[in-house]
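As a plain string of letters, each chain reads:
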Amino acid sequence: MLDDVDLLVCGAGPVGCVVAERAAAVLGWTVLVVDQRAHIAGNCFDSFHRTGVLIHNYGPHYFRTNDVGVLSYLSRFTEWIPAKYEVRSSVRGRLYPFPINLATLEQFYGTTLDPESGERLLRAARAAIPAPRNSEEFVLSRVGRELYEAFYLNYTLKQWGSHPRDLAPQVCGRIPVRLNRDCRYVDHRYQVMPRRGFTALFSKMLRHRKIRLLLDCPFREVRELVRPRRATVYTGPVDDYFGCSLGKLPYRSLKFEFVAHRAEYVQPCVQINYPNDFAYTRSVEIKHVTRQRHPETVVSYETPTATGEPFYPVPRPESSALYQRYRQLADEERARRNVYFCGRLAQYRYFNTDEAIKEALTCFQQIRQDCAPGRSPFASSSPTRAA
Ligand code: UDP
């Protein structure tokens, strides 16, 4: 039995790293971080391909945020480079700016537009659906059937293995529609990449004498061996924690293929989406945003799958309902044993990286408050350790 640990953290992804760092640096706690993978940084993990090109092993992570607090916290661990996240969609053999903007509409309808005529065109195309209940209705109400079928329908079918009408409006609602010529993928105020990559950032976060790290170590192997004095932060799949006792939550997974080329660049921009062709959804040449200078390049092809490591919670009503039942178990576990469930898999919610960091900072504040002297259910069993 390991009993000199204050905080046990399951998962060395962004959430686990942040909570571990805060607990060690602010509270002086001894932290043990375990991860079943052989590396840290979770799905933000980036590494050098055999060519020497830096790749994002689990799909592109385009860091962006409107939250100055999150940005300045992360800035303790990295410098940043400005980033331009630009995506095109390959439809009927042509590349269109995506998200849909004025230039997309001009190219698609073979006409010239300004914001007013663009708005008139979309107004005529849109379906009158005042309160969209699913992703299909959402897109139809924004751009109409023709653009929906060209850019969204088949991509979403591939990505989720579900019809857009069975998915929450927020799934396709993440993508803006613009009546200007802004061709950036997202609208956030800060769009930057860590200068030396995400793995370097998170490894600096974990570099603290109070933090120990065990890789290749599934949580089930330590959960009975480590009795943390303060709390546990669990960032793995919530259904796994409870042995899937209420049934398995569905997750969407991804398969990646990396192809090297002897050329500096082979794509015109970082990402190309293929809504209607191929089994893969997109090809990503991450060098466009890491801005690494290298004579070769690597393109990744992403194919969604129903099996494999859990990547995306599936935003369908029945999976949300099942999650709510697990959530109740998680709340009880927190009250009884100081186990905090935090992050995309533990909260069964899609988070962008900045949102995950924010969740982790909030979780840490909660733990700190709950474990303040006199408040912690564990305080009486270890009276010498003040937070
Ligand atoms: N989507 C689409 N066509 C595209 C890109 C996205 O229909 O060309 C839909 C799809 O359902 C996807 C959602 O919009 O899951 C959100 O897209 P985003 O690129 O934000 O997905 P992520 O990069 O987070 O996987």
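Each remark here, short or long, concerns the structure printed above.
Residues numbered from 1 in each chain as written. Predicted model: local features only at pLDDT ≥ 70, side-chain atom pairs only at ≥ 80, totals over all residues. Heavy atoms only, no water.

Colleague: Can you help me understand the overall build of the protein in this one?
Modeller: Of the regular secondary structure elements, the protein holds 13 helices and 17 strands. The principal-axis extent of the C-alpha atoms belonging to the protein is close to 75 × 50 × 35 Å. When the 387 residues of the protein are sorted by exposure, 57% land in the buried category. Sequence separation of 24 or more characterises 72% of the internal contacts of the protein that already satisfy a separation of 6 or more. Carbon and sulfur atoms provide 49% of the accessible area of the protein, an area that totals close to 17,600 Å². For the protein, the separation between the mean place of its 54 positive charges and that of its 40 negative charges on side chains is 3 Å. (Helix = DSSP H or I, 4+ residues; strand = E, 2+ residues; numbered from the N terminus. Buried < 20%, exposed > 50% of the residue type's maximum accessible area, 1.4 Å probe, protein only. Contact = heavy atoms within 4.5 Å. Areas by Shrake-Rupley, 256 points an atom, 1.4 Å probe, with all protein chains shown as cover. Lys, Arg positive; Asp, Glu negative; His and termini not counted. Charge placed at Lys NZ, Arg CZ, Asp CG, Glu CD.)

Colleague: Sorry, what's going on with the site of the ligand here?
Modeller: Taken together, the neighbourhood of the ligand is formed by 16 residues, with Tyr185, Asn273, Arg282, Tyr312 and Tyr350 sitting nearest. The separation between an oxygen atom of the ligand and a polar main-chain atom of Tyr152 is 3.2 Å. Protein burial of the ligand: of its 520 Å² of free accessible surface, 95% is covered by the chains. Where the shell around the ligand is concerned, the elements lending two or more residues are α6 (145-160) and α7 (169-173). (Near = heavy atom within 4 Å. Polar contact = N/O pair within 3.5 Å; in protein donor to acceptor, adjacent residues only side chain to side chain.)

Colleague: Help me understand the packing of helix α3 (residues 102-109) against α6, please; the structure alone is not making it clear to me.
Modeller: To characterise two packed helices, one gives the angle between the axes of the helices and the distance between these axes. The contact between α3 and α6 brings their axes to 13 Å, and the two run at 100°. As judged from the angle between their axes, α3 and α6 are roughly perpendicular. Of the residues in α6, those touching α3 at Thr104, Leu105, Phe108 and Tyr109 are Glu146, Leu147, Ala150 and Phe151. Residues that form the contact of α3 with α6 fall into these classes: 6 nonpolar, 1 polar and 1 charged. (Axes fitted to C-alpha atoms, helices over the stretch in contact; angles between N-to-C directions. Parallel < 35°, antiparallel > 145°, perpendicular 65-115°, else oblique. Nonpolar A, V, L, I, M, F, W, Y, C, P; charged D, E, K, R; others polar.)

Colleague: How should I be thinking about the state of the cysteines in this particular structure?
Modeller: Disulfides are covalent bonds that connect the sulfur atoms of two cysteines. Using the criterion set out here, one finds 0 disulfides in the structure. Distance from the sulfur of Cys172, which forms no disulfide, to the nearest cysteine sulfur (Cys269) is 20 Å. Of all cysteine sulfurs, the one in Cys183 lies closest to Cys269, which takes part in no disulfide; the gap is 8.9 Å. Note on Cys269: relative accessible area 3%, which makes it buried. (Disulfide = S-S within 2.5 Å.)

Colleague: Explanation requested: the sheet that holds strand β12 (residues 251-261) in the structure shown.
Modeller: In any sheet, the strands associate via hydrogen bonds between backbone groups, in a parallel or an antiparallel arrangement. The 7 strands lie next to each other as β8-β7-β13-β14-β15-β12-β16, forming an open sheet whose pairing is mixed. The open sheet has two edge strands, β8 (94-98) and β16 (312-313), and neither has a second partner. Across 9 bridges, the pairing between β12 and strand β15 (residues 297-305) is antiparallel. Bridge pairing links His261 to Thr297 in β15. Relative to the sheet, α6 contacts β7 (87-91), β8, β12, β13 (271-273), β14 (282-284), β15 and β16, its axis offset from that of β12 by approximately 105°. (Pairing = 2+ DSSP bridges.)

Colleague: I tried to follow the sheet that holds strand β10 (residues 211-214) on my own but got confused; where do I start?
Modeller: Taken in spatial order, the 5 strands line up as β10-β2-β1-β11-β17 in an open sheet, and their pairing is parallel. Looking at strand neighbours, the two that pair on one side only are β10 and β17 (339-341), the edges of this open sheet. Direction aside, the axes of adjacent strands within the sheet are offset by 15° on average. Examined bridge by bridge, strand β2 (residues 31-34) and β10 share 4 bridges and lie parallel to one another. Each residue of the ladder has a partner; that of Val31, found in β10, is Ile211. Seen against the sheet, helix α13 (residues 353-370) touches β11 (231-234) and β17 and runs at an angle of roughly 160° to β17.

Colleague: I tried to follow α6 on my own but got confused; where do I start?
Modeller: In an α-helix there are 3.6 residues to a turn, and that puts residues three or four apart on one side. Between its first and last C-alpha atoms α6 spans 20 Å; for 16 residues at 1.5 Å apiece the expected length is 22 Å, and the helix comes up short by more than 12%. At Tyr152, α6 is deflected by roughly 40°, the largest bend along its length. Looking at α6, one finds that the buried residues are Leu147, Tyr148, Ala150, Phe151, Tyr152, Leu153, Tyr155, Thr156, Lys158, Gln159 and Trp160. Phi turns positive one or two residues past the end of α6, at Gly161, with a value near 65°. (Expected span 1.5 Å × (residues − 1). Bend = angle between axes of the 7 residues up to and from the residue.)

Colleague: Could you clarify how one ought to interpret the packing of aromatic side chains in this entry?
Modeller: The description of an aromatic ring pair uses the distance of the two centres, along with the angle that the planes make with each other. For the coordinates displayed, the defined rule picks out 28 aromatic pairs. Both rings, one in Tyr96 and one in Phe151, keep their centres 5.6 Å apart while their planes meet at 85°; by these two values the pair is edge-to-face. Residue Tyr96 is found in strand β8, and its partner Phe151 is found in helix α6; the two are separated by 55 residues along the sequence. We note that Tyr96, like Phe151, is buried. Here Phe242 and Tyr326 contribute two aromatic rings whose centre-to-centre distance is 6.3 Å and whose plane-to-plane angle is 25°, an arrangement assigned as stacked. Placement of the pair is Phe242 in the loop between α10 (238-241) and β12 and Tyr326 in helix α12 (residues 317-337), with a sequence separation of 84 residues. (Phe/Tyr/Trp six-rings, centres within 6.5 Å; stacked < 30°, edge-to-face > 60°.)

Colleague: Where do I start with unusual backbone geometry in this structure?
Modeller: Among all residues except glycine, the phi angle is most often negative; among peptide bonds, the trans geometry is most common. The linkage connecting Phe98 with the following residue, Pro99, adopts the cis geometry, with an omega of 5°. When you line up the elements, Pro99 lands in the loop between β8 and α3. Although it is not a glycine, Arg92 sits at a positive phi angle of roughly 45°. By relative accessible area, which is 61% here, Arg92 ends up exposed. In this model, Cys244 sits at a positive phi of 55°, which is unusual for a non-glycine residue. Along the chain, the position of Cys244 falls in the loop between α10 and β12.

Coordinates in, geometry out; function isn't part of it.
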